[in-house]
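# Working through the structure, step by step
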Number of protein chains: 2
Amino acid sequence: METASDVLASNKAFYDAFERLDLDAMSRVWATTAPTSCVHPGWALVHGRERVLASWEGIFKGTERVKLSLHESKAFVSGDMGWVVLVEELEVAQQGQLVRAFAQTTNTFVREDGEWRLVHHHASPTPAPMPKKRPTTLH
Amino acid sequence: METASDVLASNKAFYDAFERLDLDAMSRVWATTAPTSCVHPGWALVHGRERVLASWEGIFKGTERVKLSLHESKAFVSGDMGWVVLVEELEVAQQGQLVRAFAQTTNTFVREDGEWRLVHHHASPTPAPMPKKRPTTLH
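The text that follows walks through the structure, step by step, so that each part is easy to find. (Residues numbered from 1 in each chain as written. Chains lettered and ligands numbered in written order. Predicted model: local features only at pLDDT ≥ 70, side-chain atom pairs only at ≥ 80, totals over all residues. Heavy atoms only, no water.)

### Describing the packing of aromatic side chains
All names here are of chain A. Selection rule: Centre distance within 6.5 Å is the pairing criterion for rings of Phe, Tyr and Trp, where only the six-membered ring of Trp is used; planes under 30 degrees apart are then read as stacked, over 60 as edge-to-face, and the remainder as tilted. Comment: elements are numbered from the N terminus, with helices defined as DSSP H or I runs of at least four residues and strands as E runs of at least two. Accessible area is worked out with a 1.4 Å probe on protein chains only. A residue is then buried under 20% of its type maximum, exposed over 50%, and partly exposed in between. Counted as over-ring charges are cases with an Arg CZ or a Lys NZ within 6 Å of the ring centre that also lie within 35 degrees of the ring normal.
On inspection of all chains with the given rule, the structure shows 16 aromatic pairs over all chains. When the ring of F14 is compared with that of W56, the centres are 5.5 Å apart and the planes differ by 80°; the resulting orientation is edge-to-face. In this pair, F14 is assigned in helix α1 (residues 2–19) and W56 in helix α3 (residues 49–61), connecting sequence segments 42 residues apart. The class for F14 is buried, based on a relative accessible area of 0%. The class for W56 is buried, based on a relative accessible area of 1%. Residues F18 and F60 carry aromatic rings whose centres are separated by 6.4 Å and whose planes lie at 25° to one another, so their mutual orientation is stacked. Taken together, the positions of F18 in helix α1 and F60 in helix α3 put the pair 42 residues apart, joining distant regions of the chain. The same class applies to F18 and to F60, which are both buried. An aromatic cluster is built from F14, Y15, F18, W56 and F60, whose rings are joined through pairwise contacts. Taking NZ or CZ as reference, K74 lies 5.9 Å from the ring centre of F76, over its face.

In structure tokens, the structure reads:
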């Protein structure tokens, strides 16, 4: 389905900007007229385009290098919005340390001027790719 | 803004269904024509209306009682979609144990037949309400 692959292409552009620590590319990924919000792993909500981009700027400044692998990406589309759910695998060099981590992530996009642009990123720490079974209890 | 409060009303209907462990009410909250997906705390993605509702049924069956408090709810609207970011505080009685837990959560809604219906729930375990500061490092 074309729209799902278009959403996945915008999702890839987001991770390319992230991996290159490229703030200009990151700013082009995020919506400009729709509201924007972001939950970085383990952090409170950041919202508003300026604050969201400032949060990425802070992360990029504190990161020497990041290598990303994306697992189990699945895209959903409903009209002019779409979302991708995936597991990020990150190898991050920061403050002279190499950290390997996983995040269960939702990226939500809206169609803006014919382009799929990011409006919400929610990445939550997870120990490793998760078992493919159904929950029977909470927490 | 009326639409934001409408999205928050649908968000409340979701948590009312959850707290009452009411599967019929829960099924009315979720979209019927748009795609649906759900990330329960610590679990892999569940998608498709039947599987999503089956996952809630499993949770409800394994839960004797749940008390929910919602913190820091913030709603965003863009056209016919909206999302709420919040911190869930849960007191869950399951398997004879009382568990207290927090989850950083995104709930995404689309307007379907004039109603805001849930298309995606992503709840991630979090130790407690998070500090209100900006991230400078990842993980």
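### What about the pattern of salt bridges?
Heads up, the rule is: Counted as salt bridges are all cases of a side-chain nitrogen of Lys or Arg within 4 Å of a carboxyl oxygen of Asp or Glu.
In the structure shown here, the tally under the stated rule is 14 salt bridges over all chains. Across the salt bridge formed by D22 of chain B and R20 of chain B, the nearest N and O atoms sit 3.4 Å from each other. D22 of chain B sits in the partly exposed class, given a relative accessible area of 23%. A salt bridge links R100 of chain B to E89 of chain B, with the nearest nitrogen and oxygen atoms 2.9 Å apart. With a gap of 11 residues between them, R100 of chain B in strand β5 (residues 97–112) and E89 of chain B in strand β4 (residues 81–94) connect regions that are remote in the sequence. Judged by relative accessible area, R100 of chain B falls into the exposed class, the value being 54%. By relative accessible area, which is 13% here, E89 of chain B ends up buried. Through salt bridges that share partners, E112, D113 and R117 of chain A make up one connected network.

### Focus on the relation of the copies chain B and chain A
Which entries qualify depends on this criterion: For this overlay, a least-squares fit was computed on C-alpha atoms, restricted to residues scoring pLDDT of at least 70 in both copies. Throughout, a residue-residue contact means that at least one pair of heavy atoms, one from each residue, lies within 4.5 Å.
Rotating chain B by 180° about the axis while translating it 0.0 Å along that axis superimposes it on chain A, leaving an RMSD of 0.0 Å. Both chain copies can therefore be described as sitting about a two-fold axis. Every residue of chain B has its C-alpha some distance from the rotation axis, and the shortest such distance is that of S124 of chain B, at 3.0 Å. Both copies present the same face, since 100% of the interface residues in chain B are matched by interface residues at the equivalent positions in chain A.

### Thoughts on the sheet that holds strand β3 (residues 65–78) of chain A
All names here are of chain A. For clarity, the cut-off: In this scheme, strands are said to pair when DSSP sees at least two bridges between them. What counts as an axis is a line fitted to C-alpha atoms, over the stretch in contact for a helix, and the angles between N-to-C directions run from 0 to 180 degrees.
With mixed pairing, 6 strands are arranged side by side in an open sheet as β2-β1-β6-β5-β4-β3. Two strands lie at the open edges of the sheet, namely β2 (46–47) and β3, each paired on one side alone. In terms of strand pairing, strand β5 (residues 97–112) meets strand β6 (residues 115–126) through 11 bridges, oriented antiparallel. The partner of N107 across the bridge, within β6, is H121. Strands β3, β4 (81–94), β5 and β6 of the sheet are contacted by α1, whose axis makes an angle of about 160° with β3.

### Comments concerning the interface of chain B and chain A
For clarity, the threshold we go by: A simple way to read buried area is as the amount of 1.4 Å-probe accessible surface that goes missing from two parts once joined, with both sides added. Between N or O atoms, a polar contact is any pair within 3.5 Å; within protein, one atom must be a potential hydrogen donor and the other a potential acceptor, and residues adjacent in sequence are included only when both atoms are from side chains.
At the interface, 53 residues of chain B touch 53 residues of chain A. Together, the buried faces of chain B and chain A total about 4700 Å²; carbon and sulfur atoms form 71% of this surface. Along the contact surface separating chain B from chain A lie 0 salt bridges. Counting every contact that joins chain B to chain A gives 8 residue pairs in polar contact (both at pLDDT 80 or more). Broken down by secondary-structure element, the contributors of at least two residues to the side of chain B that touches chain A are β1 (37–39), β2 (46–47), α3 (49–61), β3 (65–78), β4, β5 and β6 (115–126) of chain B. In terms of residue count, the dominant contributor to the side of chain B that touches chain A is β5 of chain B (8 residues).

### Overview of the sheet that holds β5 of chain B
Residues and elements named next belong to chain B. If you trace the 6 strands from one edge of the open sheet to the other, you get β2-β1-β6-β5-β4-β3, paired in mixed fashion. At either margin of the open sheet sits one strand with a lone partner, and together these are β2 and β3. Summarising the sheet, β1 and β2 pair through 2 bridges and their orientation is antiparallel. For S37, the partnering residue across the bridge sits in β2 and is H47.

### With respect to the pairing of β5 of chain A
Residues and elements named next belong to chain A. In the sheet, β4 pairs with β5 via 14 bridges, with the strands oriented antiparallel. Within β5, the position partnered with A93 by the bridge is L98. Between the end of β4 and the start of β5, which pair antiparallel, lie 2 residues, with Q95 showing a positive phi angle near 50°. Counting the residues that bridge the hairpin from β5 to β6 gives 2 residues, and of these D113 lies at a positive phi of roughly 55°.

Don't take any of this as a statement about function, it's just geometry.
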